[in-house]
Amino acid sequence: MGPLQTLTSNYILNVGVLSWFIAQVLKTLLVFIPTRKIVWERMVGSGGMPSSHSALVCGVAMATAKKLGYASPEFALALALAGIVMYDAMGVRRAAGEQAKVLNRMVIDFRMMLQMLKEEMDALARGESAPVDLENRTGKVLKEFLGHTPLEVLCGAALGILIAVLMPAF
């Protein structure tokens with residue numbers, strides 16, 4: 001049996017990957033519906049509805065329970081991992097995203113203030129008063145779409161569990 005065949009014959013891994021993939025497709029569709037634009041970053045990006053991380057780890061945990069039983073040490077490990085990942089998605093990564101929003105706003109405000117000051121100083125040096133254009137003053141921004149709300153995590157978890165329940169074990 002080759003490596004690819006070995007990977008694709010692993011029920012637990014297949015459930016996890018399928019759960020992640022479906023969550024990413026759903027994220028892309030949920031952005032497409034209101035905007036009518038395909039944002040390909042949603043197919044691989046973090047954050048958003050539903051949580052693909054939660055879908056993956058809950059799918060793996062449920063598939064492990066289904067294949068090896070709820071009393072197995074593998075299920076206990078998968079469940080612990082799922083709890084850590086979901087807690088992290090709602091806590092640390094979400095807080096990092098919120099901080100990124102604040103930092104981005106501060107950087108934009110600071111750049112605008114410096115540019116306005118420079119334009120005013122240049123105008124004063126010429127002996128005139130220059131109107132200040134505030135448009136298009138942003139540079140590189142930090143990624144703000146990192147974590148999840150509890151609802152996004154819950155929906156991702158439900159998706160992963162549903163896929164594990166529906167996908168037959170072999």
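Each chain has its residues counted from 1, following the order in which its sequence is written. Reporting in this predicted model follows two pLDDT cut-offs: at least 70 for local features of residues, and 80 or more for side-chain atom pairs to be given and counted; totals over whole chains, interfaces and linings ignore these cut-offs and use all residues. The basis for the side-chain values is all heavy atoms of the structure; hydrogens and waters are excluded.

Draft legend 1. Quick look at the overall build of the chain. Secondary structure follows DSSP: runs of H or I at least 4 residues long count as helices, runs of E at least 2 residues long count as strands, and numbering of each begins at the N terminus. For the chain, the count of helices and strands is 6 helices and 0 strands. Across the chain, helices and strands are ordered from the amino to the carboxyl terminus as α-α-α-α-α-α. Only protein chains enter the accessibility calculation, which uses a 1.4 Å probe; a residue is then buried when its area is under 20% of its type maximum, exposed when over 50%, and partly exposed in between. Buried positions account for 32% of the 170 residues belonging to the chain. Contacts: residue pairs with any heavy atoms within 4.5 Å of one another. Across the chain, contacts joining residues at least 24 apart in sequence account for 71% of those joining residues at least 6 apart. Taken as a whole, the chain presents about 10800 Å² of accessible surface, with 72% of it coming from carbon and sulfur. Method for areas: the Shrake-Rupley scheme with a 1.4 Å probe, in which residue coverage is limited to the protein chains shown.

Draft legend 2. Fine view of helix α2 (residues 11-35). Here the expected length of a helix is defined as 1.5 Å per residue gap, with one fewer gap than residues. Taking 1.5 Å per residue, 25 residues should reach 36 Å; α2 reaches 36 Å between its end C-alpha atoms and fits that length. Of all the positions in α2, only Y11, I12, N14, V15, G16, S19, A23, Q24, K27 and T28 are classed as buried. Looking at the buried residues of α2, the elements they touch are α1 (3-8), α3 (52-68) and α6 (150-166). The opening residue of α2 is N10, an N-cap whose side-chain oxygen sits 3.1 Å from the backbone nitrogen of I12. R36 occupies a position one or two residues after α2 and carries a positive phi of about 60°. For the purposes of these results, a polar contact is taken to be a pair of N or O atoms within 3.5 Å, where, inside protein, one atom must be able to donate a hydrogen and its partner to accept one; residues adjacent in sequence count only when each atom of the pair is a side-chain atom.

Draft legend 3. The packing of α3 against helix α4 (residues 73-90), seen in detail. Axis definition: a line fitted to C-alpha atoms, over the contacting stretch in the case of helices. Angles run 0 to 180 degrees between N-to-C directions. Running from N to C, α3 and α4 point in directions that differ by 165°, and their axes come no closer than 9 Å. Classified by the angle between their axes, α3 and α4 sit roughly antiparallel to one another. Remark: the crossing between α3 and α4 carries left-handed chirality. The segment α3 lies against α4, with H53, S54, V57, C58, V60, A61, T64, A65 and L68 engaging E74, F75, A78, L79, L81, A82, V85 and M86. Amino acids are sorted into nonpolar (Ala, Val, Leu, Ile, Met, Phe, Trp, Tyr, Cys and Pro), charged (Asp, Glu, Lys and Arg) and polar (every other residue, Gly among them). Along the lines of polarity and charge, the residues of the contact of α3 with α4 split into 13 nonpolar, 3 polar and 1 charged. Roughly parallel here means an angle under 35 degrees, roughly antiparallel means over 145, roughly perpendicular means 65 to 115, and every remaining angle is called oblique. In this scheme the crossing of two helices becomes right-handed for a clockwise turn of the near helix relative to the far one and left-handed for an anticlockwise turn of less than a right angle.

Draft legend 4. Representation of the packing of α3 against α6 in the model. Running from N to C, α3 and α6 point in directions that differ by 35°, and their axes come no closer than 7 Å. Two packed elements cross with a definite hand, and for α3 against α6 that hand is right-handed. On the side of α3, the interface is formed by S54, A55, C58, G59, M62, A63 and K66, while α6 contributes V153, G156, A157, L159, G160, I161, A164 and V165. Broken down by class, the residue content of the contact of α3 with α6 amounts to 10 nonpolar, 4 polar and 1 charged.

Draft legend 5. Looking closely at α3. Compared with the 24 Å implied by 1.5 Å per residue over 17 residues, the 24 Å span of α3 between its first and last C-alpha is a close match. Among all positions of α3, only S52, S54, A55, V57, C58, G59, A61, A63, T64 and A65 are buried. For α3, the secondary structure elements touched by its buried residues are α2, α4 and α6. One or two residues past the end of α3 sits G69, with phi positive at roughly 100°.

So, to be careful, I would describe these as geometric facts and stop short of saying anything about function.
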